[in-house]
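Working through the structure, step by step
So the chains spell out like this:
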Amino acid sequence: MTVVAFHKGEFVPLEQATIGIMTHAFHYGTAVFEGVRGNWNAEHGRMYIFRLEEHYDRLLAGCKIMRIKLPYSSQDLCDITVEMVERSGFTQDIYIRPIAYKAEERVAYLNLGGLGDGFTVMAVPFGRYIDTEAPAKCCTSSWRRMEDTVIPPHVKISGLYVNSILAKTEAMAAGFDEAILLNDKGYVSEGSGENIFIYRNGQLATPPLVDNVLPGITRSCIMDITRNELGTQVVERHIPRSELYLAEEVFLTGTAAHLTAVGSLDNQTIGDGQMGPRTRRLQDLYFDIVRGKNPKYLHWCTPATPRVA
Ligand code: PMP
């Protein structure tokens, strides 16, 4: 099995997909990326790539902001990705990383104009990012989620992730699993790489996008599943920090983290500290859907069949 990447317009062995040290994106974070999961379904003998088109729509939105021009449509990017996965022959869960970037080898140049652009997509075997069975121990970060007036938070700009990484590093160094970031106004925004939901007084709620939230694809799936399968709406509203302590259930959603219960925040137990019944129900539904086991949601999964060498 030779793992391939799509790099500079062609499929090459992963180790040959390299960039030079003068590359603009390496110095300044001038890139836009996505994280996409491929979930292996052994019974069907194929990979289900979850919500691939939605990830590329978000990537292209980021490219617009960052003035990155790619010679590919969203559909072209999906086709390239499926081919990369099929050629690589993975038969286990994977994490797919597309990245569009300012590819020119030019430093001391603080301008997005006049630079060449590049696109690369690769995948790595990927299991658990965070323990989805044990409720996570979270803390409120001392770092704040970036305002749109600083760096646009609604797309995945590489440079923005310094913020997430500082928050996650601080949390882990203090013995927590994950950081919850507030925005500049003090409202709950999101985790370092996850959106957040609370269940309180019979209502499932999540912060609105204006609270500097990434429009998470898992967030949107959970809103759809809640409406379709549980017959209720997720309410988008401001959530003050203190409300997290009072919630009956809190959970995080993200491509890497899937759907993970929060058991405590700042060492205060949430609910009874265990995964609550609503979180469990949504997690069960979600896990079946991402692996292509729920025919009703099969259109969210793009199949890729490993090529036999
Ligand atoms: N917020 C941030 C900051 C993230 O990096 C991610 C992961 N992409 C999410 C939320 C969740 O988004 P998604 O469900 O699209 O993975």
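Going by the structure above, here's the rest.
Residues numbered from 1 in each chain as written. Predicted model: local features only at pLDDT ≥ 70, side-chain atom pairs only at ≥ 80, totals over all residues. Heavy atoms only, no water.

1. Some words on a nonpolar patch on the surface
The grouping of I19, I21, M22, F26, Y28, V107 and L110 at the surface amounts to a nonpolar patch, some 750 Å² of accessible area in total. Locating I19 in the fold gives a position in the loop between β2 (10-13) and α1 (24-28). (Patch = residues over 30% accessible without salt bridge, like charges linked within 9 Å, V, L, I, M, F, W, Y side chains within 5 Å. Areas by Shrake-Rupley, 256 points an atom, 1.4 Å probe, with all protein chains shown as cover. Salt bridge = Lys/Arg side-chain N within 4 Å of Asp/Glu carboxyl O. Helix = DSSP H or I, 4+ residues; strand = E, 2+ residues; numbered from the N terminus.)

2. Focus: the site of the ligand
Around the ligand, the surrounding shell holds 16 residues, and the nearest of these are K156, Y161, I217, T218 and T255. In this structure, a nitrogen atom belonging to the ligand sits 2.7 Å away from a side-chain N or O atom of K156. T255 has a polar side-chain atom sitting 2.6 Å from an oxygen atom of the ligand. Computed on the free molecule, the ligand has an accessible area of 380 Å², of which 96% lies beneath the protein chains in the complex. (Near = heavy atom within 4 Å. Polar contact = N/O pair within 3.5 Å; in protein donor to acceptor, adjacent residues only side chain to side chain.)

3. Structural notes on the packing of aromatic side chains
According to the stated counting rule, one finds 13 aromatic pairs in the structure shown. Look at F33 and Y161: their rings are 4.8 Å apart centre to centre, the planes differ by 65°, and that puts the pair in the edge-to-face class. Here F33 is found in strand β3 (residues 31-33), whereas its partner Y161 is found in helix α4 (residues 161-173), with 128 residues between them in sequence. In terms of burial, F33 and Y161 fall into one category: buried. Feature note: the residues F6, F11, Y56, Y72 and F119 constitute an aromatic cluster, connected by ring pairs. (Phe/Tyr/Trp six-rings, centres within 6.5 Å; stacked < 30°, edge-to-face > 60°. Buried < 20%, exposed > 50% of the residue type's maximum accessible area, 1.4 Å probe, protein only.)

4. What to know about the environment of I68
Secondary-structure assignment places I68 in the loop between α2 (52-65) and α3 (74-88). Relative accessible area serves as the criterion here: at 5%, I68 is assigned to the buried category. Each C-alpha atom, one on I68 and one on L115, is 8.7 Å from the other, the two residues being 47 residues apart in sequence. Apart from the residues within four sequence positions on either side, I68 is in contact with T30, A31, V32, C63, A100, Y101, K102 and D117. (Contact = heavy atoms within 4.5 Å.)

5. Re the pairing of strand β15 (residues 258-265)
Burial of β15 is extensive: eight of the eight residues sit out of reach of the surface. Sheet topology places strand β8 (residues 136-144) next to β15; three bridges connect them, and they run parallel. Across the sheet, residue A136 finds its bridge partner in β15, namely V262. Connecting the antiparallel pair strand β14 (residues 249-254) and β15 is a turn made up of three residues. As paired elements, β15 and strand β16 (residues 268-269) share two bridges and run antiparallel to each other. Bridge pairing in β16 links S264 to T269. (Pairing = 2+ DSSP bridges.)

6. Observations concerning helix α5 (residues 217-230)
Between its terminal C-alpha atoms α5 stretches 19 Å, which fits the 20 Å expected from 14 residues at 1.5 Å a residue. I217, T218, R219, C221, I222, M223, I225 and T226 are the residues of α5 that are buried. Immediately beyond the C-terminal end of α5, within one or two residues, lies G231, with a positive phi of roughly 70°. (Expected span 1.5 Å × (residues − 1).)

7. Points about the nonpolar core
A general trend in soluble globular proteins is that nonpolar side chains are found buried together. Ranked by internal contacts, the top residues of the largest apolar core, which has 35 residues, are I49, L59, I96 and F119. For this core, the secondary structure elements donating two or more residues are β1 (4-7), β3, β4 (36-41), β5 (46-50), α2, α3, β6 (94-102) and β7 (117-125). In terms of residues, this core owes the most to one element, α3, which gives six residues. Taken domain by domain, this core gets at least three of its residues from each of domain 1 (4-125) and domain 2 (136-275). Once you skip the residues sitting within four places of it in the chain, I49 turns out to touch V36, R37, G38, V82, V85, I96, W300, C301, T302 and A304. If you look at the next biggest cluster of nonpolar residues, it comprises 20 residues, including Y199, I222, I225 and L285. (Core = buried A, V, L, I, M, F, W, Y, C linked by side-chain atoms within 4.5 Å. Domains from an automatic or database assignment.)

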